[in-house]
Amino acid sequence: MPLRDVRARNESAWLLPNDGTRTNHRLRRDMRRFADEDEIDLVIVGCGAGGSILAQRLARAGWRVAALDAGPFWDPDTDWVSDEAGSHGLYWTDPRVITGTDPVPMGSNNSGRGVGGSMVHYAGYTPRFHPSDFMTATLDGVGADWPVSYPELRPYYEAIEQELPVAGEHWPWGDPHRYPHRPHPVGGNGEIFLRGAAKLGITAKVGPVAIANGRFGNRPHCIYRGFCLQGCKVNAKASPLITHVPDALAHGAEVRADAMVTRIAVSERTGRATGVHYVSRGRERFQKARMVAVAGYSIETPRLLLNSASRRFPDGLCNDFDQVGRYLMVQGAPQTAGRFDAEIRMYKAPPPEVSTEEFYETDPGRDCQRGFSIQTVSPLPITWAEHVSAQGHWGRALREYMSDYVHWSCLGALCEFLPQPENRVTLAEEKDQYGLPVARFSYSQCDNDRALAGAAQAVMEDILRAAGADEVITIQRYAHLVGGARMAAGERHGVVNRDCRSFAVPNLYITDGSVLPTQGSANPALTIMAVAARAADQLTAGDPR
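Keep in mind that this is a model prediction, so the values were computed, not measured.

### As for the pattern of salt bridges
Under the counting rule described, the total for this entry stands at 36 salt bridges. Across the salt bridge formed by R128 and E161, the nearest N and O atoms sit 2.8 Å from each other. One end of the pair, R128, is in the loop between β3 (97-99) and α6 (136-140); the other, E161, is in helix α7 (residues 150-163), and 33 residues separate them in sequence. Grouping residues by exposure puts R128 and E161 together as buried.

### Quick notes on the layout of surface pockets
By volume, the second largest pocket is sized at about 370 Å³. Contributing to the lining of the second largest pocket are 15 residues, with R33, R256, A257, S280 and R281 lying nearest its centre. Where the lining of the second largest pocket is concerned, the elements lending two or more residues are α3 (25-29), β5 (254-256) and β8 (283-294). Sort the elements by how many residues they give to the lining of the second largest pocket and β5 lands first, with three residues. Residue classes in the lining of the second largest pocket are distributed as five nonpolar, one polar and nine charged.

### Overview of the side chain of S373
Among the structural elements, S373 can be located in strand β12 (residues 372-376). Look at S373 and you get buried, because its relative accessible area is 2%. Looking at S373, its side chain comes within polar contact range of the main-chain oxygen of S521, at 2.6 Å.

### Overview of the pairing of β8
Where strand β1 (residues 40-45) lies against β8, five bridges are found, and the strand directions are parallel. When the sheet's bridge partners are listed, L42 is paired in β8 with M291. Examined bridge by bridge, strand β7 (residues 273-280) and β8 share six bridges and lie antiparallel to one another. Bridge pairing in β8 places G275 opposite K288. Connecting β7 to the next strand, β8, in antiparallel fashion are two residues, including R281 with a positive phi near 55°. Strand direction decides the pairing type here: β8 and strand β18 (residues 508-510), joined by three bridges, are parallel. Bridging from a neighbouring strand, A293 pairs with Y509 of β18.

### Concerning empty space enclosed by the protein
Gaps left between atoms show up when a probe the size of a water molecule is rolled over them. In total, this model carries nine cavities of 30 Å³ or more according to the counting rule given. Approximately 100 Å³ is the volume found for the largest cavity. As for the largest cavity, its lining consists of 13 residues, of which L16, N24, R28, L241 and P246 are closest to the centre. At three residues, the largest contribution of residues to the lining of the largest cavity is made by helix α10 (residues 245-250). The residue inventory of the lining of the largest cavity, partitioned by class, reads nine nonpolar, two polar and two charged.

Parameters and conventions
- Residues numbered from 1 in each chain as written.
- Predicted model: local features only at pLDDT ≥ 70, side-chain atom pairs only at ≥ 80, totals over all residues.
- Heavy atoms only, no water.
- Salt bridge = Lys/Arg side-chain N within 4 Å of Asp/Glu carboxyl O.
- Helix = DSSP H or I, 4+ residues; strand = E, 2+ residues; numbered from the N terminus.
- Buried < 20%, exposed > 50% of the residue type's maximum accessible area, 1.4 Å probe, protein only.
- 1 Å grid on protein atoms, 1.4 Å probe; cavity = no way out; pocket = protein on both sides within 12 Å on 5 of 7 lines; lining within 4 Å.
- Points joined across faces, edges and corners; volume = space filled by probe spheres on them.
- Nonpolar A, V, L, I, M, F, W, Y, C, P; charged D, E, K, R; others polar.
- Polar contact = N/O pair within 3.5 Å; in protein donor to acceptor, adjacent residues only side chain to side chain.
- Pairing = 2+ DSSP bridges.

Structure (structure tokens):
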């Protein structure tokens with residue numbers, strides 16, 4: 001698609017400054033501001049992958065929209081640093097209680113705080129889900145079928161890929177397709193992956209990454225500094241902060257940062273949402289709205305619904321059938337590293353470069369359902385130290401491994417762990433700074449999950465050994481969260497319908513990763529954005545104004 005067509009739909013890349021700075025401060029300073037007592041058309045809770053897309057699309061349609069985010073309005077020039085330790089402020093680290101037989105650590109790799117959400121510190125990898133992901137119950141007898149099909153989502157995948165934009169080779173898996181930008185050059189870690197995969201007859205490809213390859217509007221090309229997870233200081237990596245928020249502001253949306261939403265208000269007389277209670281600068285406030293959309297992601301969205309209990313909804317908003325908080329999923333994400341005599345310097349490139357989805361679908365030869373993908377991951381030194389210490393190396397041994405850092409290559413898998421009803425968010429007895437119960441997240445793996453993680457580890461070890469590694473180590477970990485307020489065909493099986501509208505409250509929408517019924521073996525950011533863009537189209541098409 002010509003750039004003029006992308007610009008006509010979303011001008012964010014051209015609204016950024018081209019004077020060496022990263023932020024259009026005038027656009028932020030002069031943005032439209034609504035009064036609390038104004039009944040705006042839509043108030044959005046959260047301004048990450050789902051909330052920013054919704055705000056941008058509806059602002060362009062002429063809606064009066066305000067997106068409230070609990071965190072700050074980031075300035076890449078002043079807030080982001082090329083340093084692992086200095087970037088911890090990007091994460092949502094408020095207290096949460098984690099339980100279950102396989103509890104999931106919260107924070108750096110699965111939640112974000114601030115405008116742009118967790119995409120500010122994601123790795124930039126943006127593959128699509130496969131057509132099979134939308135019908136796993138029918139095809140494989142596990143998980144759930146989506147009420148939306150892949151062909152319905154395809155045009156939204158294509159549109160978002162153009163707006164980010166995405167760079168990569170022709171993608172042969174799932175629904176084969178091309179990307180708007182050519183693939184990036186490959187660093188040492190990617191070369192290792194390609195070499196080992198070729199020796200084993202495994203197809204591997206470069207991309208897809210939402211990282212500009214060449215200039216895009218006023219955004220510069222990638223300089224391969226390797227700090228994608230710390231907030232891209234040069235604005236080459238896509239995040240909603242730079243890909244959709246500027247255009248939303250230019251078309252009249254308000255982004256209200258440092259505004260923690262505490263409860264959604266619903267009229268007892270009409271059963272409709274009337275706005276949101278929130279705290280800003282220590283003061284409790286209420287924003288009136290004709291409609292409410294929640295985009296707080298898979299922990300905070302269920303928590304907000306549960307904390308919005310009322311006489312009509314004594315067990316939590318939209319929770320008549322005990323579906324809120326259930327079926328929360330994480331991807332199994334083991335990482336396997338191999339040591340080579342030659343220097344690899346895996347940090348000298350975006351963490352995700354090369355990937356294979358050859359093991360994505362159910363393999364009759366494996367004793368489990370569904371599959372996994374494999375990517376380069378390239379941990380920086382602090383994360384690498386965690387990797388090494390997990391093997392039991394401390395003291396002198398740890399120092400020796402750290403001094404050997406440049407000789408290591410690292411791959412990571414994304415395993416499709418299955419949705420289970422008891423993997424869920426509930427409310428804990430502990431309270432946060434606002435006096436609200438914090439989220440309790442209980443998670444336990446099933447036998448299928450463990451089998452998939454083991455299969456993925458074996459393939460990664462084979463690839464690294466085939467490439468010439470003389471030592472291989474693996475750490476078990478988790479990645480992306482989805483689920484917790486899933487879409488379904490009916491209210492007894494989910495929280496929202498195929499258009500992301502809640503079954504219980506007709507003017508309440510949820511447009512984040514919590515609505516995904518399954519998670520595939522793909523990074524979820526692109527799918528979350530595509531689902532939100534489709535929901536925006538459904539809202540504007542049915543707008544009764």
